[in-house]
Number of protein chains: 2
Amino acid sequence: MNPEKLKIAVLGGTGNIGEGMVLRLALQNLMTEGVKNEIIIGSRSRETAEEAAKSALSELENCGFDTSRMTIKGKTNFEAAQEAEIMVLTIHFDHVLPLLDEIREVIEDKIIVSPVVPMVKEGGLFIYKPPAEGSAALAIQKRVPASTKIVAAFHNIPAGKLKDVVKCKAVHHALVCSDDAEAKKLVMELTRNMGCLKPLDGGPLKQANTMESLTPLLINLAKLNGLKDLGINFS
Amino acid sequence: MNPEKLKIAVLGGTGNIGEGMVLRLALQNLMTEGVKNEIIIGSRSRETAEEAAKSALSELENCGFDTSRMTIKGKTNFEAAQEAEIMVLTIHFDHVLPLLDEIREVIEDKIIVSPVVPMVKEGGLFIYKPPAEGSAALAIQKRVPASTKIVAAFHNIPAGKLKDVVKCKAVHHALVCSDDAEAKKLVMELTRNMGCLKPLDGGPLKQANTMESLTPLLINLAKLNGLKDLGINFS
C-alpha cells in the first residue's frame, strides 16, 4: 500500500471522533506534499453518510481550505469497507463486533485501525473495562480473517481538538501499536501526515490495553481538574 | 498536617526513584518560600540509609544548593516510619506488603504515598501486572490500619529527570489519587513545592490502576522510539 494514495474508510464517520478523523484525514492532501488520499465515510445509512461528507467538505471550505484537492464521499459501512484499503473504526465498542461480522467478507488483507475504547461510567468517572481478550483491539483481531491487519491508534486524541481544524495548533502524541510492522508503519505515516499529531510506536497489539485505558484517564483528568479536550505529550 | 513543616520518610530511599525523591523533597525548602520539611531516608540497614543521606546532601551541595536549609537523615525503615507523618514507598511491589506488616504499629493516622508499580517484563517490553485487588495502591490500602491514608502518586515521573536536579528544567504532570481528600490535597501541595512537577487530581484510589499502568507504557515508549526518561504532559 502506498501511504500517499489510499482509500481510507471511516466507519462510524458520522460520530464525534469520526467527524474529526474525517476532517484530518482529508486535510492530509493539503498538509503533506504528494498525498492524494480518498476518504469514505461509512454509516448504517448511505444518506447520513452522504450528508456527513457534504457537511465535512463545506466545513473545510468555510475554514478556507482548498477542497478541490480533497475527496470525501459517503457510503454504507459495507460499501465503504469494500472500497477502502484501510478502515478506521470510530464506533462504540458494543457495535464493533457485529459490524465486523457484517463486513467480514470484504476485509481480507486490509488494515483495520481501532481507536475503540470499552469503558463504563461509575460514580461520575470513567473506568476502562476491557473484554475477556484483554483489549478491544485483541477482541477485534479475534473476530476478523487472519489476513486482516489490526492497528490500534488514536485513543488518546481529544475529539474537540481533532475537529477544530482551524484553531488546533497543538501537536499531541498518538500511540500506534500492531503486530504487523508494515501496517503499523503505514498508520504512523498517515498520522504524521495529518499535521496535528506526532506518532509514537506503541509496540505489539498486546500493548493496546494500556493505550485504550488512556481515554478514560484523559476524560477523568479533564473533569477533575477543570480542563477540557486533553491530549498527551511525552517528553 | 502542615504541608510546610512535615517529617517525610522515603522508605527504600536508597533505590533509583527513592534517590531522586529524596533530593526533590529536600529541595522544597529552597524552591518554595516557607517550607521547612525534614526528610528521613529509610532503608533495611541504618548504615546504608545514613550513607545515602550524606551522599544526597553532598550532591545537593556540589550542585550549589544551600544545604544548611535542608534536613536529610538516615534511619531504618521502622524508625523512619515511626518518626514521619508521611511516608513515600519507593520500594519494589514484592517487598511492599511485608514492609507494611513490619511498620504497621507506627502508621496509624499517617499518610502513605505509593508510587509502586507491579509489572513484569515479557518479550523485551514491560506489562502492568496488578494484584487481585486491582492495583498496588488498593493492595496497600487493604494491608494497613483503617486510619492510614493511602495516596497514589509519582508513578509517571522519570527517575533520571527526578535525580538530575541541576539540568532538569522540564515540568511534568504528576497524577495524584486518593479516597482521602485532605491527604490528596497535601500530597498535591508537596508535589507542587518540589518545583519540577505539576500535580493533577487523579480522582479516587480506585483509579490508581490507570496511573500505575503508565510506568510500563513510558518505559516501553522510550525503548521502542529511541527516547529516554519520558514524562507526561497533558494539554
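Note that the coordinates shown come from a computational prediction; the quantities given were computed from them, not determined experimentally.

A.B. asks: Tell me about the relation of the copies chain A and chain B, and name the residues and values.
C.D. replies: Two copies of a chain can be linked by a rotation about an axis combined with a shift along that same axis. After a rotation of 180 degrees and a shift along the axis of 0.0 Å, chain A superposes on chain B with an RMSD of 0.0 Å. With respect to symmetry, the two chain copies, as superposed, fit the operation of a two-fold axis. Minimal C-alpha separation from the rotation axis in chain A is found for Asn233 of chain A, amounting to 2.6 Å. Counting the interface residues of chain A, we find that 100% of their copies in chain B are interface residues as well, pointing to one common contact surface.

A.B. asks: Provide a residue-level description of the packing of helix α1 (residues 16–31) of chain A against helix α2 (residues 46–62) of chain A, including the pertinent values.
C.D. replies: Residue and element names in this part refer to chain A. The geometry of α1 relative to α2 is characterised by a closest axis approach of 10 Å and an angle of 60 degrees between their N-to-C directions. Between α1 and α2, the interaxial angle falls into the category oblique. Considering the relative orientation of α1 and α2, their crossing is right-handed. Counted together, Val22, Leu23, Ala26 and Leu27 of α1 and Ala56, Glu59 and Leu60 of α2 form the full contact between these two elements. Here the contact of α1 with α2 is composed, by residue class, of 6 nonpolar, no polar and 1 charged.

A.B. asks: Tell me about the packing of helix α4 (residues 93–103) of chain B against helix α5 (residues 136–143) of chain B, and name the residues and values.
C.D. replies: Residues and elements named next belong to chain B. Contact geometry of α4 with α5 gives a least axis separation of 10 Å together with a crossing angle of 15 degrees. As judged from the angle between their axes, α4 and α5 are roughly parallel. Seen along the crossing, α4 lies across α5 with a hand that is right-handed. Contact residues: α4 offers Phe93, Val96, Leu97, Leu100 and Asp101, while α5 offers Ala136, Ala139, Ile140 and Arg143. Its residues placed into classes, the contact of α4 with α5 shows 7 nonpolar, no polar and 2 charged.

A.B. asks: Which residues make up unusual backbone geometry, and what are the values?
C.D. replies: With a phi angle near 70 degrees, Phe154 of chain A is a residue other than glycine that sits in the positive phi range. Position of Phe154 of chain A among the secondary structure elements: in the loop between β8 (149–153) and α6 (159–163). One non-glycine residue with positive phi stands out, namely Asp109 of chain B, at about 65 degrees. If you trace the backbone, Asp109 of chain B turns up in the loop between α4 and β5 (111–114). The partly exposed category is assigned to Asp109 of chain B, whose relative accessible area is 48%.

A.B. asks: Talk me through the pattern of salt bridges; I want residue IDs and the actual numbers.
C.D. replies: Residues and elements named next belong to chain A. The tally for this structure, following the rule as stated, stands at 22 salt bridges over all chains. The salt bridge partner of Lys73 is Glu83, with a shortest N-O separation of 2.7 Å. Highlighted residues: Lys73 in strand β3 (residues 71–76) and Glu83 in helix α3 (residues 77–83), separated in sequence by 10 residues. The exposure class assigned to Glu83 is partly exposed, which follows from its relative accessible area of 24%. Across the pair Glu133 and Lys142 runs a salt bridge, and its minimum N-O distance is 3.7 Å. When its relative accessible area of 65% is taken as the criterion, Lys142 is described as exposed. Taken together, the salt bridges that share partners define one network made up of Lys7, Glu38, Lys73, Lys75 and Glu83.

A.B. asks: So, the environment of Gly20 of chain B: which residues are in play, and what are the values?
C.D. replies: Residue and element names in this part refer to chain B. If you trace the backbone, Gly20 turns up in helix α1 (residues 16–31). Sequence separation between Gly20 and Ala159 is 139 residues; the distance between their C-alpha atoms is 6.4 Å. When near neighbours in sequence (up to four residues on either side) are disregarded, Gly20 contacts Leu162 and Lys163.

A.B. asks: Describe the pairing of strand β5 (residues 111–114) of chain A, with residues and values.
C.D. replies: All names here are of chain A. Covered by surrounding structure in β5 are Ile111 and Val113 together with Ile112 and Ser114, the residues of both alternating faces. Both strand β4 (residues 86–89) and β5 contribute to a ladder of 3 bridges, which runs parallel. Its bridge partner being in β5, Val88 is matched across the sheet by Val113. The β-α-β motif built from β4, the intervening helix α4 (residues 93–103) and the parallel element β5 has right-handed crossover chirality. Examined bridge by bridge, β5 and β8 share 4 bridges and lie parallel to one another. Looking at the pairing, Val113 lines up with Val151 of β8.

A.B. asks: Got a sec to walk through the sheet that holds strand β4 (residues 86–89) of chain B? Specific residues and values, please.
C.D. replies: Residues and elements named next belong to chain B. On the basis of which strands lie adjacent, the open sheet formed by 8 strands has the order β3-β2-β1-β4-β5-β8-β9-β10 and mixed pairing. The sheet is open, and its two borders are formed by β3 (71–76) and β10 (197–201), each paired with just one other strand. With strand direction ignored, the average angle separating the axes of adjacent strands in the sheet is 25 degrees. When strand β2 (residues 38–43) meets β3, the two strands line up parallel, connected through 6 bridges. Across the sheet, residue Ile39 finds its bridge partner in β3, namely Ile72.

What counts and how
- Residues numbered from 1 in each chain as written.
- Chains lettered and ligands numbered in written order.
- Predicted model: local features only at pLDDT ≥ 70, side-chain atom pairs only at ≥ 80, totals over all residues.
- Heavy atoms only, no water.
- Least-squares fit on C-alpha atoms with pLDDT ≥ 70 in both.
- Contact = heavy atoms within 4.5 Å.
- Axes fitted to C-alpha atoms, helices over the stretch in contact; angles between N-to-C directions.
- Helix = DSSP H or I, 4+ residues; strand = E, 2+ residues; numbered from the N terminus.
- Parallel < 35°, antiparallel > 145°, perpendicular 65-115°, else oblique.
- Left-handed = near helix turned anticlockwise from the far one by under 90°.
- Nonpolar A, V, L, I, M, F, W, Y, C, P; charged D, E, K, R; others polar.
- Buried < 20%, exposed > 50% of the residue type's maximum accessible area, 1.4 Å probe, protein only.
- Salt bridge = Lys/Arg side-chain N within 4 Å of Asp/Glu carboxyl O.
- Pairing = 2+ DSSP bridges.
- Right-handed = clockwise from strand over helix to strand, strands pointing away.

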